[in-house]
Each structure stands twice: as structure tokens, then as C-alpha cells.
Amino acid sequence: MLTSLKNSFKHGVHPPENKEETNGLPIRQFPFAPLIILPMQQHIGNPSQIIVKEGQEVSRGQLLAKANGYMSVPMHSPVSGNIRKIADVLLISGQTSPGIYLEPFPYSGQEVVVGKPISLDASPEEILKGIQDAGIVGLGGAAFPTHVKLKIPEGKTCDHLIINGIECEPYLTTDHRVMLEQADDIFTGIRYLLRVTDAKEVIIGIEANKQDAADHLTSKVPTDLPVKVQVVPVKYPQGAEKMLITALLGKEVPSGGLPIEVNAVVVNVATTAEIGRLLPHGQGIQERVITITGPGVKKKGNYLIPIGTPLRYVLEQVGAVDNISEVYMGGPMMGVSASSLDISIVKGTSGIVVFGDNEVRKVGKIYPCIKCSACVDACPIFLNPSKLGILAKFEAYDTMADEYNLMDCFECGSCSYVCPSNIPLVQYFRLSKALVRKKKSAKQQKSNA
Amino acid sequence: MLSKTLHISTSPHINKGVSTDMIMKNVVYALIPVALFSVYAFGINAFLVVNTSVIACVFTEHLLCRWSNQESTISDWSAIITGLLLGLTLPPIFPLWMTFLGGVMAIALGKFVFGGLGYNAFNPALVGRAILQAAFPVAITTWHPSFLEDRFVSISNAVLAFPFAKPIVDGISGATPLSAFKFDHVATDSTDLALGLISGSTGETCSWLIALGGVYLIYKKMMNWRIPVTILTSVFVLSGILYLFDNQIYPSPMFMLFSGGLMLGAVFMATDMVGSPITPLGIVIYGIFIGVLVVVIRIWGGLPEGVMYAILLGNALTPQIDSIIRPKVYGTKKAML
Ligand code: SF4
Ligand code: SF4
């Protein structure tokens, strides 16, 4: 194994990790909720198209909705049960999406339907199709359809397949547990990925706070696979693709470009395990591992939770405090606050962090920017968040984009995290980016018309 | 259960927890030993000057905020810093009414007209001092010996002078080491210099206490170490070269380091975050610029001391430095200039 502690990216931050409470807890199966609510929009791209009817009986693993085009994935039934209703459901963004209400059969065996297995000798196209058919999206949180990401563009080659086991978000320990408990699935997944990408080497990147996972995977590497496990120092946002590529390969992904520009493809480790587990049986995703933690829950842990389980049910099962005041879906750096408990667990949910009334962080007083340079020293993209923040206040969006590389900001939050003046920098940048994009597309439409 | 409305915030949901008022507070803590030493060295006079300056700054900031219908910003502690710094750069027997006026000017013209904290292009304390220097050139260069026997019991008449009364020139006035060197070519013992056993502005004399305050702030990660280090290094190197060249005409580098307002300026004034560049390279350029200017003004300029002007010029150059020096953005070919 290669342990190099100097390999990392430049800048970044060190938020308190808060992983100790759950990183030693094995993954446990979560019970089925009395009602499963499945949104059809769980991924980036078109919502899945429902192919079942109200009142229909479905089995666990059965196809409920098919992919709507290439930029979409299908949805499988997480339980055997009855379709109660087909209606719009609430998403975390506050928007709604078509959805399926599913009532599980009590006492059913919940065996999973087996589909057409995809063998390791299958062609790359068949494997990609198999990955799409399994409904697999990036489980690290982005929920980008994995088959799209794995498609190597014409004329490009992939030399390095990077398996992302960084998990740099505080509190989250799902990837950590997956690496400790699902090594075989991970290596099977890597075999499929190697077929698809034709990569020459595989690097599993793991942060130094998961040395046990690194040791375990190293001991399990099949001798016929070109895999090396590389441990990198703990630093946020190392799990971001670009940062990880820099840490492991010492290369920078060109601005606006994809990792393939530097001959690399990055896949999250839990996604890899899912590919390794599902493809040999031709099954689809029904559940995922989620860390549930934070001062507001009693039974903290890493749980295998059926997709579509309502958040309210999850919190009741883990003994959330009565005075819940804030819930993030994902980690504290990039996760989204839930505005309602009536949303569901989706494929992209990697963690649920719960705070009670007493623990919620008081939002600090906002002061003017004192040019302390903390944000400049934190930004992994080497932007000037201080200047960008001031420009955003003056609504100088074009200047931000054209002269200060606004569009390279990937909203990691490092700048806001360190800002002593509590300036909502990332919020500014999110908004500014959206406005710049809107303006651009309006312009394009005009010139097309 | 679980039915109440949820608190919503946008990511990141956590903050490092170092706040702007905390930084300011710590700068004040770092300055307190320096202020105490000034009282120890110069007695009641210094005590009055420093306190008057602080009161003037805080008072002015509060009133200006009120008058412009804003929430008072004195709780961010930055006005206290300005007051302390201004007081510490004045001569120990500086008339209190002038001190007060300086404090008002520092906040009103050095900070408020620019838009308050964060927008002040120049270090407000230095703006206040520059105004005083222009208005009262005699009083501000009337020095006073340190460690006088009666310093804790007698108040200088000059300190209590009435506004606009004919200036009282106090009987004893001690030359500072810099003016002694510049005009009389008398070098002061550098041990005395470093220990602060010399004459000078109230808070400029004890270099090691100032440096200690800097070390504290650097340790707390509330000060950019590059600023004092580059200023002091460039002063040392440049004056060292000159000294090697001719040690009769040019002062020794140690003397340069420990005399005048250099230490206070390099550690506490040039490091004002608002007026200094934001990138590491920009900061180094700024530091070298100030250091070179200090030596040039001290040796070839008409004034014995150049730290104040050097820093003000450094502040003036900062926006230019920041717009030219930009780190290469990740994934781009080269820096956007
Ligand atoms: S961290 Fe905040 S206060 Fe400091 S320079 Fe950046 S935006 Fe300004
Ligand atoms: S959110 Fe954007 S500007 Fe802020 S540190 Fe991350 S990449 Fe840089």
C-alpha cells in the first residue's frame, strides 16, 4: 500500500470531523415504513416515467418507472406491496415531482426479484446499459446518472480509474462502513468499471482518518487487479472530484472540463459497491447506506434504508428528540436543510444530521468584509471570495464571471466556513451563478431565434 | 411528535467560529502590555494620552453611527484598536485636546467617510496621526525622556494645555534615538533600544513587548505573519547592505529595527487587514515596499521617521497590488491579469 501523506490539494479547511460516534457502528438494516413514498426525480436529469398503476401489486425489485431518455434512470420497487396512489410528492428543494405511494405487504418475505444478470464478459455498452437499468446514480450525494459519467467520449482515453472513498464531509461515515463491510462488492464493481473504462490503473483514495478501511481494502485487493489504495491527509473538500484528482495524480482538471480531460474517471466507492452487488443479479437499487447522527438523535448509526422511506418515519425510529429544530440531508458543509419532515430518503441521501433546539448554531453577526484573507487561503479553486462577495453585493455578475472566474466555484463552502464576518459567500455565489447561467441561455436563445 | 417547523439554513451549516469581533478583541489584548509599558515608562502623561485617544475614537464612532441612523458599531472593538494605536504613536506629553482631535479625525476621516470598518483604505490611526503631524508639527515632535523620577506624580503642563493656547514647550525634551542619529549622528545603545529604555512615542519604545503581541496574534492565526516578517526583513537587509558599505554614514541594521515606530508599525499598523493585500504574494510585495520605503525615508528623506508615511503609501498601493497579483485559478492556464 502506498501511504503518502503529502499528496493533497492546496488550500481547503479542517472542520471538526465528528465521525467518532458512528464510524465504529456496523451497517444495520432499517425496518420498512408503513408507507413508502417514491419521488421520480431523485437524480440529475429527466424524472423516471411511471409504468405501474394505482392498486397494482408489485414485488420488491420490480421496475416501477423507466428511464426517460439517456439522461435519466429507472426506479425499482424497494418493497413488495401495493401501489396506493400515484401523485405528486414533495422534494427537499420545496418543488414537487411525480411520485408513487407504496404500501408494503406486512410479513412478506421481501425477496428481491432477480433480473437478467450482466456478466463480466459483457461488452462495455451492455455494462453501461446494465448500470442505467439498475437505476444507479452517484451515491456520494450528487445523484448524477453513473452510466452517463462512465461513457468515455470519442477520442478520449481513461488511464486512471479513481475510486472515491474520501468522505470528507464531517459526520458522515457511510463510505467508511461500506469499505469495511463490502470489500468484495467494491472489487466486483471495479471489474465492471475496468471493462467500461479500459483504465490502466485503479486508485482507491481514502483519507487518513479511515486507515482501518484502507488496510482492509489493501488486504483484499485481488491479485489480478491493478488496484492501489492510497491514503491522503484529511482535508475538506478532498472528496470533490477535482481536488481528489489533484491529490492523487498531481494534475489539474481544466476549468470547465471533466476529469476525462486528464484521462481520469472518478466513481464514488459506495456507487462502485452497488454496481458490484446489483449487476451480477440484474437487480436495481432498492436501498442505500445512510449515516444518521447529530446531537438530536439517540440511536445514531449507519443504516441500510429503503429508498422512499419518509424522513419522519426514519427520525421516529432512531429516537429523534422531540424538539428537533434542524435536519440536514447530507453533511454540514454541502448538505441541504430539510424544510419539512414529509420528504423521502432518495438515492442521493448520504447522511441525516439532526439538531435539537439547544444545539442549533446561532447565526453569527454579519460584519463587513475585513479582508482578512481567510477565504482566499481556503478556496481550493484559488478564487478571491472576498472580492466576489463584494461584487455580488453590487450585483456585478458579469464582472464576477468574466474577470473573477465565478463559474469555477463549485460551492464547497470552505470560504463561508472560515469567514469571521459570517458573510454568506456561498449563497451569493450560488445565486450569482444561477443568474449568469440564465442570462447566458437567454442570450443564446435570442441569437438562435 | 416531530411536527414543529424546522429551522432552515443554507450550507455550509457550520462555521469555524472565529468572528471579526473576536479578532479585534485579541488585537486589543495584544496591545495591552504595550500600553501598560508606556505608562510604566512615561507615567501619568502617557496614561492620559492613550486613554484620551481611545475615548475619542469610541465616542466618535458611536456618534457618527447614531447620526447616520445606523446601529452603533463600537461593539466590534475596532475603534478601540484605532484609539490605542493612535495614542501609542503620539509623544507622551502630547496635549490632550490635540489627542482628542486626532481620535475624532482618525475615525471620521480615516474610517467613516470610506464607509466604516472594512472599507477604510488607510489605517485610520495613521490617518489621524498624519493629520496631527500636519496641524501640530512642533507638538508632535516634542519628545520627553522616559523613566523620569516623578513620572507617576506629575502631569506635564503641555498635556493639559488649553485648546489653541500658545504651545507650552516643556523644559525637558529628550531627543529620540532616530532624531539623535539623523541630526546629531549619535547612535543609541541597541540594548537600550530593544528594552525600550529610550525616549520616543508612548508605545513605540518597547520593541520586544510589541513583538510579543505580534507573536501572540500570529499564534492565534489572527495576524498575517508575512507582513511584519517581510517589512522587518527588508529593513534589516537593506540597511545591513548600506551599513556594510559604509558604517560611518549609515546606522546599523539592529538600530534600524529597534528604533522609532518600526516595530509598532510593522506588527500592528501595516497588518491592518483592511489596508493590506489579500494574497500571500501581494502581501510580500506590500511588505517589501514598506520596508524599503522606511529605510529610504529615514536615511535620505527630510524626516527622522518614515514608518507612518511608508505604511500609508503601502495602504494606497494595496488595491493596485490586489488587482494585479492574482493567483492562478485552479484548472486555468495562467493567472488572469
Ligand atoms: S473571510 Fe470573510 S472577512 Fe475575511 S476576507 Fe474573506 S470575505 Fe472578507
Ligand atoms: S464555495 Fe466557491 S469560492 Fe468558496 S471556497 Fe468553495 S470554490 Fe472557493
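Residues numbered from 1 in each chain as written. Chains lettered and ligands numbered in written order. Predicted model: local features only at pLDDT ≥ 70, side-chain atom pairs only at ≥ 80, totals over all residues. Heavy atoms only, no water.

Chemist: So what exactly am I meant to see when it comes to the overall build of chain A here?
Modeler: Of regular secondary structure, chain A possesses 13 helices and 18 strands. The principal-axis extent of the C-alpha atoms belonging to chain A is close to 60 × 55 × 50 Å. Relative to its full complement of 449 residues, chain A shows a buried share of 57%. About 17,800 Å² of surface is accessible on chain A, with carbon and sulfur atoms providing 53% of the total. If the 45 positive side-chain charges of chain A are averaged to one point and the 44 negative ones to another, these points end up 5 Å apart. (Helix = DSSP H or I, 4+ residues; strand = E, 2+ residues; numbered from the N terminus. Buried < 20%, exposed > 50% of the residue type's maximum accessible area, 1.4 Å probe, protein only. Areas by Shrake-Rupley, 256 points an atom, 1.4 Å probe, with all protein chains shown as cover. Lys, Arg positive; Asp, Glu negative; His and termini not counted. Charge placed at Lys NZ, Arg CZ, Asp CG, Glu CD.)

Chemist: Explain the site of ligand 1 here, please?
Modeler: Surveying the vicinity of ligand 1 reveals 13 residues, the closest of which are C369, C372, S373, C375 and C419 of chain A. The residue makeup of the shell around ligand 1, split by class, is nine nonpolar, three polar and one charged. (Near = heavy atom within 4 Å. Nonpolar A, V, L, I, M, F, W, Y, C, P; charged D, E, K, R; others polar.)

Chemist: Would you mind going over a nonpolar patch on the surface with me for this structure?
Modeler: A cluster of nonpolar side chains, namely Y29, I32, L36 and Y216 of chain B, defines an oily patch on the protein surface of about 380 Å² accessible area. Among the elements that make up the nonpolar patch, the one with the highest residue count is helix α1 (residues 20–42) of chain B (three residues). (Patch = residues over 30% accessible without salt bridge, like charges linked within 9 Å, V, L, I, M, F, W, Y side chains within 5 Å. Salt bridge = Lys/Arg side-chain N within 4 Å of Asp/Glu carboxyl O.)

Chemist: Which parts of the structure should I look at to understand the sheet that holds strand β9 (residues 96–104) of chain A?
Modeler: The strands making up a sheet associate through backbone hydrogen bonding, with each pair oriented either parallel or antiparallel. All names here are of chain A. Read from one edge to the other, the open sheet built from four strands follows the order β3-β9-β8-β5, with strand pairing classed as antiparallel. Of all the strands in the sheet, just β3 (36–39) and β5 (57–58) have a single pairing partner and so form its edges. Note that strand β8 (residues 81–90) and β9 share nine bridges and pair antiparallel. Counted as the bridge partner of K85 is Y101 from β9. (Pairing = 2+ DSSP bridges.)

Chemist: So what exactly am I meant to see when it comes to α1 of chain B here?
Modeler: One turn of the α-helix equals 3.6 residues, which is why residues spaced by three or four share an orientation. Residue and element names in this part refer to chain B. With 23 residues, α1 extends 33 Å between its outermost C-alpha atoms, agreeing within 8% with the 33 Å of an ideal straight helix rising 1.5 Å per residue. In the structure, α1 departs most strongly from a straight axis at L31, where the bend amounts to approximately 30° and where the proline P33 lies between one and four residues downstream. Where α1 ends, the next residue or the one after it, G43, has phi of about 75°, a positive value. (Expected span 1.5 Å × (residues − 1). Bend = angle between axes of the 7 residues up to and from the residue.)

Chemist: What exactly am I supposed to notice about the site of ligand 2 here?
Modeler: Surrounding ligand 2, one finds 13 residues, the nearest of these being C379, C409, C412, G413 and C415 of chain A. The residue inventory of the shell around ligand 2, partitioned by class, reads 10 nonpolar, two polar and one charged.

Chemist: Can you walk me through the interface of chain A and chain B in this structure?
Modeler: One widely used convention gives an interface's size as the accessible area the parts lose upon coming together. Counting from both sides, the interface comprises 69 residues of chain A and, opposite them, 41 residues of chain B. Counting the surface lost from both chain A and chain B, the interface buries some 4,700 Å², and carbon and sulfur atoms represent 56% of this. Viewed at the interface, chain B and chain A are joined by two salt bridges. The closest approach of N and O atoms between K328 of chain B and E252 of chain A, which form a salt bridge, is 2.8 Å. Linking chain A with chain B are 23 residue pairs in polar contact (both at pLDDT 80 or more). Broken down by element, the side of chain A that touches chain B gets its largest block of residues, five residues, from strand β16 (residues 324–329) of chain A. (Contact = heavy atoms within 4.5 Å. Buried area = accessible area lost by both parts, 1.4 Å probe. Polar contact = N/O pair within 3.5 Å; in protein donor to acceptor, adjacent residues only side chain to side chain.)

Chemist: It is not clear to me how the pairing of β16 of chain A should be interpreted in this structure. Could you clarify?
Modeler: One face of the sheet, then the other: side chains in a regular strand alternate in exactly this way. Residues and elements named next belong to chain A. Burial analysis of β16 places six of its six residues in the buried class, which makes it a mostly covered element. Here β16 pairs with strand β18 (residues 351–356) via five bridges, running antiparallel. In the strand pairing of β18, E326 is matched with F355. Bridging between β16 and strand β17 (residues 336–337) involves two bridges; their strand directions are antiparallel. Within β17, the residue paired with Y328 across the bridge is S337. The turn linking β16 back onto β17 is made up of six residues, and G330 within it adopts a positive phi angle of 105°.

Chemist: When you look at the packing of aromatic side chains in this model, what are you seeing that I'm missing?
Modeler: Residue and element names in this part refer to chain A. Scanning all chains against the criterion turns up 10 aromatic pairs over all chains. Their ring planes at 85° and their centres at 6.3 Å tell us that F30 and Y313 sit as a pair that is edge-to-face. Here Y313 lies in helix α8 (residues 311–317) and F30 lies in the loop between β2 (27–29) and β3, a separation of 283 residues in the sequence. Of the residues examined, F30 reaches a relative accessible area of 4% and is grouped as buried. Feature note: the residues F30, Y303 and Y313 constitute an aromatic cluster, connected by ring pairs. Of note, K85 hangs over the ring of Y101, and the distance from its end group to the ring centre comes to 4.5 Å. (Phe/Tyr/Trp six-rings, centres within 6.5 Å; stacked < 30°, edge-to-face > 60°. Lys NZ or Arg CZ within 6 Å of the ring centre and 35° of its normal.)

Chemist: Even after reading the chapter, I still don't get helix α3 (residues 174–181) of chain A, so can you show me in this structure?
Modeler: With six of eight residues buried, α3 of chain A is to be regarded as a mostly interior element. Among the residues making up α3 of chain A, those that are buried are T174, D175, H176, R177, V178 and M179 of chain A.

Chemist: In this structure, what is going on with the sheet that holds β17 of chain A? I would like to understand it.
Modeler: All names here are of chain A. Read from one edge of the open sheet, six strands run β2-β15-β14-β18-β16-β17, paired in mixed fashion. Pairing within the sheet leaves two strands with one partner each, and these edge strands are β2 and β17. Sheet contacts for α3: β2, β14 (287–293) and β15 (301–306); angle to β14, the most-contacted strand, approximately 125°. (Axes fitted to C-alpha atoms, helices over the stretch in contact; angles between N-to-C directions.)

Chemist: Where do I start with the packing of helix α8 (residues 207–219) of chain B against helix α11 (residues 262–269) of chain B in this structure?
Modeler: Packed helix pairs are characterised by how far apart their axes lie and by the angle those axes make with each other. Residues and elements named next belong to chain B. Two elements in contact, α8 and α11, have axes whose closest approach is 9 Å; the angle formed by their N-to-C orientations is 15°. Taken together, α8 and α11 sit at an angle that is classed as roughly parallel. Judged by the sense of rotation from one axis to the other, the crossing of α8 with α11 is left-handed. Residues S207, I210, A211, G213, G214 and L217 of α8 pack against M263, L264, V267 and F268 of α11. A class-by-class count of the residues in the contact of α8 with α11 yields seven nonpolar, three polar and no charged. (Parallel < 35°, antiparallel > 145°, perpendicular 65-115°, else oblique. Left-handed = near helix turned anticlockwise from the far one by under 90°.)

Chemist: I'm lost on the nonpolar core in this one. Help?
Modeler: One recurring pattern in soluble globular proteins: nonpolar side chains tend to sit buried together. The biggest cluster of nonpolar side chains holds 83 residues, and the ones touching the most others in it are I190, I292, L315, V327 and I352 of chain A. Top element by residues in this core is helix α4 (residues 183–197) of chain A. It accounts for eight residues. Ignoring anything within four residues of it in the chain, the contact list for V327 of chain A reads L311, L315, V336, S337, A338, L341, I352, V353 and V354 of chain A together with L6 of chain B. In this structure, L96, A125, L132 and L264 of chain B belong to the second largest nonpolar core, which totals 72 residues. (Core = buried A, V, L, I, M, F, W, Y, C linked by side-chain atoms within 4.5 Å.)

Chemist: Help me understand the pattern of salt bridges, please; the structure alone is not making it clear to me.
Modeler: Two side chains carrying opposite charge are able to pair once their charged atoms lie near each other. All names here are of chain A. The full count for this structure, using the stated rule, is 18 salt bridges over all chains. The salt bridge involving D159 is made with K200; its shortest N-O contact spans 2.7 Å. Remark: K200 occurs in the loop between α4 and β11 (201–207) and D159 occurs in the loop between α2 (146–150) and β10 (160–165); sequence separation between them is 41 residues. What makes D159 buried here is its relative accessible area of 18%. Across the salt bridge formed by R277 and E274, the nearest N and O atoms sit 2.4 Å from each other. Of the two residues, R277 and E274 both sit in helix α7 (residues 269–278), three residues apart, roughly one turn of that helix. Judged by its relative accessible area of 26%, R277 falls in the partly exposed class.

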